[in-house]
Amino acid sequence: MAESPTSNKSRSPTGRAKKPKGKGSPKPKGSPKPKGSPKASPKGSAKGKRRTSIKKDEEPDLSMANIGHPEIFPLVLTEKTQEIFNCRGDIDVTADKPYKLVKKEDIIQDIKTRAAISDFHPVKHIIHDYPGEELLIVFDRELKYGQVFYLIATEEAKESILNFPEPEEEEGEFKEGVQEDYVYKPPVPKPWVSLGSEKEIEEESVKESPAKIKYMISRPHKEFGTRIKFFDRNASSDKFGYVECTAYQDKNFTIHLLERDTGIQVVPQEKETGTQTKWIYPKNAGTQYYPREFSDEEKNMYLSSEALKNFILSVALRVEIALQQNEIMDAFFDDWKVLAEEEGAFAGIIAVSVTERLSYEERIQQSGKLLLSKAPILFWSFADPIHPQLMLECPEDIYCFQFSPSDPNIIAGGCINGQVVLWDISQYEDRLRDPKTGGGGKRTTVNMPSFMVEQQLAKEPHMLRYCAVSSIEYGHKSVITDLQWLPDTFEVNRMGTVFENRAGICVQLITSSPDCSILFWDLRSQKVGLQPSAEKKKDDKIITCPSDVPTTFKHLDLSWRPLLKLSLPKSDTGGEYSPVKISLREEHYYTKIQDRLQLQVRQEASKDKLPYSEVTTPSVKPPKLLENITTVFFVGTEDGEVLCTDWKIERDGDSGRLLGHKPSTVHNAHDGLVHTIQRSPFFKDIILTVGGWNFAIWKEGVMSGPLLQSSCAAKRYTVGHWSLSRAGVFFIGREDGNIDIWDLLEKTHEPSQTQNVCISLITSIKPWFYSSKQHFLAVSDDFGTLHILEISWTLSHPSVNEYSSVHHYFEREVKHREYFDQRQEFRAKERLVLAKESLKKMPTGGGQRSREIIEEQTKQDYAEFLNTEKNILKGLGLLKEVDRFSL
């Protein structure tokens, strides 16, 4: 909010503004000379300047008298003052209803209570002298008078604004409810008074100066009514068939062009064509028909005939064989087409984001090079493992990205600089679905793989630019480590309250970053409030997008701000947690296994939903509040903590600030960065966390500790993921390039299998299935290599009653955890009782002696500490021993 022009001036003890002594501003022309002012010197009078003395108690004029409105006084109202008088901008007062009546007593009481801090202090004399009981405050959204609010200082101006006079009716108009008698008044002739218009009319009128030429054309009377015959004639050979009329200058006439009035209008090019058809007189006609049927005698005759019986007996066997063949196999199945499609064995598309493997110092040194070469997102096809099918241009390196569950053509990604990026690949959907034909639907070469065809044609993969990128000023200040879509069933507002999502598609995102913040983003443009003048000028500039860039999210580009910002304050200290991974209650919505039929049904249902290009603004109708959606979620931090918190925002009663909830539970389960926090696709309340040298399995609601926590591994764990087909199997990636496969039904103290993939650390693991018989595991490493592994039959197909067995295992672990907690409480109470009994047994008269013993023990502990510190420093080479023989 802008400050008042007089806010920087010093105030006198009486509350009035002081003006600096010395030369004042030039006195207006024609104003009376104040008493006691010195006469102007001859030199000053020659230059037209005068010196005036200004009294100390003179109050500065804050009104708009200089523009003809002395009754208007601009005001600067802070958020606190707006809340006190219920005149908050765009909430209590809007552009449609900008008026607010405030009692004079309330303003005077505020001036007395807050003294010089009150926003009404500069105009307190105006308020005291106001004759009425209520003052009018107007919300000036367009900053017409320099501030957001202004005060009306007179009753006349207030009444004229609140009761705006209706336009007076003309004398000749008819008024409702009043019957007037019409009196005819004949027009009275008046003499003509010339004002010079006849000269203009005469000058603009067109007069014919040359004499008219008359032509008379006639023909003999005998030719009237004769039949006309047309015939073809060669115009080039006949001298009478072609006549050229060339232009020439006639010296008998000399015309000077004095003035030309020409109008030009741009019109589309048009083409006039004509045709002639045979005209037929239109006639209305109608007809009615009825089916031809056999009579009952004819039906009985044909059904009892021997010819029909013989026909049925002759074709019955052939019809039965044909029906059996249709049930066994598809008669329209193209064997040749399937034979050609078997070259690729299976189809599939996978997207990978690549980044520069640089340290922080190397990234700073090569910042100029990195600006010129951005790492893209690559789309690979199983049918062509050599050439990428599509490349997405990125403003910075992408560390996480997700496809929209509502529309796979919409992709959101998080950059290393904290920005969120959106892509729309709808125009390349056909190319990605059928990479062999390139989206054309027809093979270009028979019996030749697509990568060989593209290699021969030397085709470059398409580079698609992003649709929108968030504002770098209001986003994360560090790298975005996790990004998730909120489900299409609900949405949140600026306070974190859950409402019904009427759009029917996923329109909100949640991101986390080590900058101690979690942000919620909305793909729809929010209501824009008051902006500074610099930002207004920036928004007014029209930015045209390239022709090949989709305009789906054009309204968000470079102006996208987060809807909600959530911080995680620590309860014991004044700092905040650094979130790197998040897990929502509805996470199973994305990782739940689906067969081929369910996937097709979901794609058909998504066609009925609105596209993202039409969902640009939120609904005007108030949404329905949802109380059955939980707002509690899990967070993994940079220091290895696993905490449970709530995303709702509450207002502090003392300061009035919006603050987030403090975490309800915090556990230091890992000794390093938490790389994975993921819910099981089979059990919504079972959570897997991977970080440091171990992993842990948690159950929501049992937050005293994990149900299962592994021991320290030989190598650090870097990533983890649940199996999509077996409830008790999950995969853990290590820094040495191996993957540990854990099966809870087989072993819980060590992995069931270990698979070597590469020699560098594993950066990402993503299982997926192509069919019920083929399950794949995508693995990426630190060298930028993508590995596609096929999961074996035993790890992809669950055993009999595996779901119930794993469920019983987790229930047993919950009971063991409760028993362990009870034993911990019992031991704590037991230690407390033993400590009290030992204090009772100590002699009461030896208080001085016991103090000496404690001090002696403290000295011994300190001496042992110094000795231990000295040995450690010697072992590190930081402290050298003094040679006793050197002296």
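Residues numbered from 1 in each chain as written. Predicted model: local features only at pLDDT ≥ 70, side-chain atom pairs only at ≥ 80, totals over all residues. Heavy atoms only, no water.

Trainee: I'd like a rundown of the overall build of the protein chain, residues and numbers included.
Mentor: Tallying secondary structure elements over the protein chain gives 19 helices and 35 strands in all. Looking at the protein chain as shown, the accessible area adds up to about 63,300 Å², and 54% of this sits on carbon and sulfur atoms. (Helix = DSSP H or I, 4+ residues; strand = E, 2+ residues; numbered from the N terminus. Areas by Shrake-Rupley, 256 points an atom, 1.4 Å probe, with all protein chains shown as cover.)

Trainee: Mind laying out the state of the cysteines, listing which residues take part and the relevant values?
Mentor: One pass over the structure, following the stated rule, counts 0 disulfides. The thiol sulfur of Cys-415 is not disulfide-bonded, and the nearest other cysteine sulfur, from Cys-394, lies at 6.8 Å. (Disulfide = S-S within 2.5 Å.)

Trainee: Go over a nonpolar patch on the surface, please, and point to the residues and values.
Mentor: Judged by side-chain polarity, Leu-303, Leu-308, Phe-311 and Ile-312 come together as a nonpolar surface patch covering roughly 390 Å² of accessible area. Mapped onto the secondary structure, Leu-308 falls in helix H8 (residues 306–328). Leu-308 sits in the partly exposed class, given a relative accessible area of 31%. (Patch = residues over 30% accessible without salt bridge, like charges linked within 9 Å, V, L, I, M, F, W, Y side chains within 5 Å. Salt bridge = Lys/Arg side-chain N within 4 Å of Asp/Glu carboxyl O. Buried < 20%, exposed > 50% of the residue type's maximum accessible area, 1.4 Å probe, protein only.)

Trainee: Describe the sheet that holds strand S29 (residues 717–722), with residues and values.
Mentor: Judged by pairing direction, the sheet is antiparallel, and its 4 strands sit side by side in the order S29-S30-S31-S32 without closing on themselves. Of all strands in the sheet, those with a lone pairing partner are S29 and strand S32 (753–756), marking the two edges. In this sheet, neighbouring strand axes are inclined to one another by 20° on average, regardless of whether the strands run parallel or antiparallel. Note that strand S30 (residues 729–734) and strand S31 (residues 738–743) share 5 bridges and pair antiparallel. Note that in S31 the partner of Val-729 across the bridge is Asp-743. (Pairing = 2+ DSSP bridges. Axes fitted to C-alpha atoms, helices over the stretch in contact; angles between N-to-C directions.)

Trainee: Can you tell me about the environment of Gly-348, naming the residues and giving the values?
Mentor: Relative to the elements of secondary structure, Gly-348 occurs in the loop between helix H9 (335–341) and strand S5 (349–353). A C-alpha to C-alpha distance of 7.8 Å links Gly-348 and Tyr-770, two positions 422 residues apart in sequence. Non-local contacts of Gly-348, meaning those with residues more than four positions away in its chain, are made with Trp-380, Ser-381 and Phe-382. (Contact = heavy atoms within 4.5 Å.)

Trainee: Just give me the short version of the sheet that holds strand S1 (residues 72–75), but keep the residues and values in it.
Mentor: Strand order across the open sheet formed by 4 strands is S1-S4-S3-S2, with antiparallel pairing between neighbours. Of all the strands in the sheet, the pair left with one neighbour each is S1 and strand S2 (99–103). Each strand of the sheet is rotated relative to its neighbour by a mean of 30°, with strand direction disregarded. Packed onto the sheet, helix H3 (residues 104–114) meets S2 and strand S3 (134–139) and runs at close to 70° relative to S2. Across the sheet, helix H5 (residues 155–162) is in contact with S2, S3 and strand S4 (149–152); its angle to S3 comes to roughly 55°.

Trainee: Give a detailed account of unusual backbone geometry, specifying residues and quantitative values.
Mentor: Its identity as a non-glycine residue notwithstanding, Leu-143 has a phi of 55°, on the positive side. Mapped onto the fold, Leu-143 is located in the loop between S3 and S4. Phi angles above zero are rare outside glycine, and Leu-558 is one such case at about 65°. Along the chain, Leu-558 turns up in the loop between helix H14 (533–540) and strand S18 (564–566).

Trainee: Report on the nonpolar core, specifying residues and quantitative values.
Mentor: One recurring pattern in soluble globular proteins is that nonpolar side chains are buried together. Membership of the largest hydrophobic core comes to 23 residues, with the highest contact counts inside it found for Trp-485, Leu-509, Leu-523, Phe-553, Trp-560 and Tyr-612. Mapped onto this core, the elements with two or more residues apiece are strand S9 (410–415), strand S10 (420–424), strand S13 (482–485) and strand S17 (517–522). Ignoring sequence-local partners within four residues, the contact set of Trp-560 consists of Val-420, Leu-422, Val-469, Ser-470, Ser-471, Leu-509, Trp-521, Asp-522 and Leu-523. Of all hydrophobic cores here, the second largest spans 22 residues; its members include Phe-73, Val-93, Val-123 and Leu-135. (Core = buried A, V, L, I, M, F, W, Y, C linked by side-chain atoms within 4.5 Å.)

Trainee: Let's hear about the pairing of strand S24 (residues 665–668): which residues, and what values?
Mentor: With burial as the criterion, only one face of S24 is covered, namely that bearing Thr-665 and His-667; the residues Val-666 and Asn-668 on the opposite face remain uncovered. Bridging between strand S21 (residues 641–646) and S24 involves 4 bridges; their strand directions are antiparallel. Counted as the bridge partner of Leu-643 is Val-666 from S24.

Trainee: An account of H8 is needed here, citing residue identities and associated values.
Mentor: End to end, H8 covers 34 Å across 23 residues, agreeing with the expected 33 Å (1.5 Å per residue, within 8%). Roughly 40° is the biggest bend found in H8, and it falls at Val-315. (Expected span 1.5 Å × (residues − 1). Bend = angle between axes of the 7 residues up to and from the residue.)

Trainee: I'd like to hear about the side chain of Asp-397, residue by residue, with values.
Mentor: Structurally, Asp-397 can be placed in the loop between strand S7 (390–392) and strand S8 (398–403). For Asp-397, a relative accessible area of 5% translates into the label buried. Among the polar contacts listed, one links the side chain of Asp-397 to the backbone nitrogen of Glu-356, at a separation of 3.4 Å. (Polar contact = N/O pair within 3.5 Å; in protein donor to acceptor, adjacent residues only side chain to side chain.)

Trainee: Give me the pattern of salt bridges: which residues, what numbers.
Mentor: As enumerated under the stated definition, the model contains 18 salt bridges in all. We note a salt bridge from Asp-743 to Arg-726, for which the minimum N-O separation is 3.0 Å. One end of the pair, Asp-743, is in strand S31; the other, Arg-726, is in the loop between S29 and S30, and 17 residues separate them in sequence. A residue is classified by how much of its surface remains accessible, and Arg-726, at 7% relative accessible area, is buried. The salt bridge involving Glu-802 is made with Arg-726; its shortest N-O contact spans 3.0 Å. Taken as a pair, Glu-802 in helix H18 (residues 802–841) and Arg-726 in the loop between S29 and S30 lie far apart in primary sequence, 76 residues in all. When salt bridges with common partners are traced through the structure, they connect Glu-491, Asp-522 and Arg-524 into a single cluster.

Trainee: An account of the side chain of Glu-700 is needed here, citing residue identities and associated values.
Mentor: Its place among the elements puts Glu-700 in the loop between strand S27 (694–699) and strand S28 (708–709). Side chain to side chain, Glu-700 and Arg-585 meet in a polar contact 2.5 Å long. Here Arg-679 takes part through its side chain, which lies 3.0 Å from a polar atom of the side chain of Glu-700.

Trainee: A description of a negative patch on the surface should follow, citing residues and the corresponding values.
Mentor: Together, Glu-200, Glu-203, Glu-204, Glu-259 and Asp-261 make up a region of like negative charge exposed at the surface. Tracing the chain through its elements places Glu-203 in helix H6 (residues 197–204). With a relative accessible area of 66%, Glu-203 lands in the exposed category. (Lys, Arg positive; Asp, Glu negative; His and termini not counted. Charge placed at Lys NZ, Arg CZ, Asp CG, Glu CD.)

Trainee: Could you give an account of the pairing of S17, with specific residues and numbers?
Mentor: Most of S17 sits inside the fold, with 6 of its 6 residues counted as buried. Here strand S16 (residues 508–513) runs beside S17; their pairing, made up of 6 bridges, is antiparallel. Residue pairing in the sheet places Thr-511 in a bridge with Leu-519 of S17.

Trainee: Now, about the confidence of the model for the protein chain: what can you tell me, with residues and values included?
Mentor: When pLDDT is averaged along the protein chain, the result is 78; 79% of the residues meet or exceed 70. In this model, residues 1–57 is a region of pLDDT below 50 whose contacts with residues beyond four sequence positions or in other chains number 46 contacts. (pLDDT = per-residue confidence, 0-100.)

Trainee: Report on the packing of aromatic side chains, specifying residues and quantitative values.
Mentor: Taken as a whole, this structure holds 20 aromatic pairs when the rule is applied. Between Phe-683 and Phe-810, the aromatic rings sit 5.7 Å apart at their centres with planes inclined by 85°, giving edge-to-face as the arrangement. You can see Phe-683 sitting in the loop between strand S25 (674–679) and strand S26 (686–691) and its partner Phe-810 sitting in helix H18, a full 127 residues away along the chain. Pairing Phe-695 with Phe-730 gives two aromatic rings, centres 5.2 Å apart and planes at 65°, and the pair type is edge-to-face. With Phe-695 in strand S27 and Phe-730 in strand S30, this pair connects stretches of sequence that are 35 residues apart. (Phe/Tyr/Trp six-rings, centres within 6.5 Å; stacked < 30°, edge-to-face > 60°.)

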